[in-house]
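# Overview (structure and organization)
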Amino acid sequence: MRYRLLGNSGLRVSELCLGTMTFGEEFGIGVPEAGARPVFEAFREAGGNFIDTANIYNRGTSERILCPLIKPERQQLVIASKYTLSTNPADPNAGGSHRKNLVQSLEDSLKRLGTDYLDLYWVHGWDRHTDLGALMRALDDQVRAGKVLHVGISNVPAWVAAAASVLAAERGLTPFCALQLHYNLVERSIEADFLPMAAALGMAVTAWSPLAGGLLTGKYGSGAGGGRLAGPMGARTLTPRNQEIATGLEKIASRAGCAPAALALAWLLRQGSGQVIPVIGARTVEQLRQNLGGADVALGPELLAEIDALAPPAPAYPESLLAGEFFRDMLYGTVRRQVDWPA
């Protein structure tokens, strides 16, 4: 496995990240510790060093299972966890991005993981009721205390992530070095704004649900008679349009001599000028190895274009206007055709 820089942090992380929402059985989609260990070990044997969890995954069980797994080689691993989503529906302060929930959630995660610090701490979702300045200050305090090395944000509008980045730079606070977003071949809406913003502001993009809850593994093509997809978007993902895309991917994968899941991940690895890191989850070593195969798939320009054509993102304003020949003539004049513009 190769390694990529995590945004502008300088941190080297494996090109595939191991997501551990399947570590634990409380959500009904995971495995106990005995099943999680071989998956973790297979990921490490393949060279993976980037591990992603969250305080809510299986009500903390994911972090508890990881504790003995990461302990023997903690310094060689990049451990990321998250906070924000509620851990106690009856407690009004057990959810949100405010300082109280941040401090309590971080301390609890460190105890469950058996570590003194996190390499990356994610804000799990945008809390519009917590001031951005207060959030960035609170996160920076944890960095200065040595309990967190880098920070990122997930499930957030692009303008919020951009505003937070500028605010942190102006105030000398730790900026977000990464975004975690819902991104896969059937969900490409982030491409219009998030990928260019991340490149401009020095943020990596980690893609959750890169196989669309299992749809892109080849099990739910257009001929499938129903089924249940994993993850929070599963119920809305199994649509006729998405099943057709999955079937098309299967056909391309068959010709390419690889599994559909590997091909879907190989496509993701080439998006955003190489700034996208898929977060892969697996309940078995066999599933994991199939996913790891995505790092070895060779995608030439023609094959990449064929996969792109399965689900081209709809043109979005203002790019749909700005990229048009007529508007570009209005903006620069027809003499623009004689200008050697940078790529």
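Everything below is about the structure shown above.
Here's what I pulled together on the structure shown here. (Residues numbered from 1 in each chain as written. Predicted model: local features only at pLDDT ≥ 70, side-chain atom pairs only at ≥ 80, totals over all residues. Heavy atoms only, no water.)

## Examining the nonpolar core
Counting residues in each nonpolar core, the largest one holds 82 residues, and the members touching the most others are Phe176, Leu179 and Leu216. It is helix H9 (residues 260-269) that contributes the most residues to this core, 9 residues altogether. If near-sequence neighbours (up to four positions away) are discounted, Leu179 is found in contact with Trp122, Ile153, Val156, Ala161, Phe194, Met197, Ala198, Met203, Ala204, Val205 and Thr206. Formed by 14 residues, the second largest nonpolar core is a distinct cluster that contains Leu11, Cys17, Leu120 and Val279. (Core = buried A, V, L, I, M, F, W, Y, C linked by side-chain atoms within 4.5 Å. Buried < 20%, exposed > 50% of the residue type's maximum accessible area, 1.4 Å probe, protein only. Helix = DSSP H or I, 4+ residues; strand = E, 2+ residues; numbered from the N terminus. Contact = heavy atoms within 4.5 Å.)

## Some thoughts on the layout of surface pockets
Counted as a void, the second largest pocket has a volume near 270 Å³. Along the walls of the second largest pocket sit 16 residues, with Asn55, Ile56, Ser86, Thr87 and Asn88 positioned nearest its centre. (1 Å grid on protein atoms, 1.4 Å probe; cavity = no way out; pocket = protein on both sides within 12 Å on 5 of 7 lines; lining within 4 Å. Points joined across faces, edges and corners; volume = space filled by probe spheres on them.)

## What about the environment of Ile307?
Note on placement: Ile307 falls in helix H11 (residues 301-308). Residue class for Ile307 comes out buried when judged on its relative accessible area of 0%. With 54 residues separating them in the primary sequence, Ile307 and Ala253 have C-alpha atoms 9.7 Å apart. Residue contacts for Ile307: discarding those within four places in its chain leaves Leu185, Leu249, Ile252, Leu263, Trp267 and Leu299.

## With respect to the pattern of salt bridges
Under the counting rule described, the total for this entry stands at 18 salt bridges. Between Glu63 and Arg112 there is a salt bridge, and its shortest N-O distance comes to 2.6 Å. Residue Glu63 is found in helix H2 (residues 61-70), and its partner Arg112 is found in helix H3 (residues 99-113); the two are separated by 49 residues along the sequence. Here Glu63 falls in the buried class, since its relative accessible area comes to 0%. A salt bridge links Arg137 to Asp141; its shortest N-O distance comes to 3.1 Å. One end of the pair, Arg137, and the other, Asp141, are both in helix H4 (residues 132-144), 4 residues apart, so they sit about a helical turn from each other. Through salt bridges with shared partners, one network takes in Arg99, Arg137, Asp140, Asp141 and Arg144. (Salt bridge = Lys/Arg side-chain N within 4 Å of Asp/Glu carboxyl O.)

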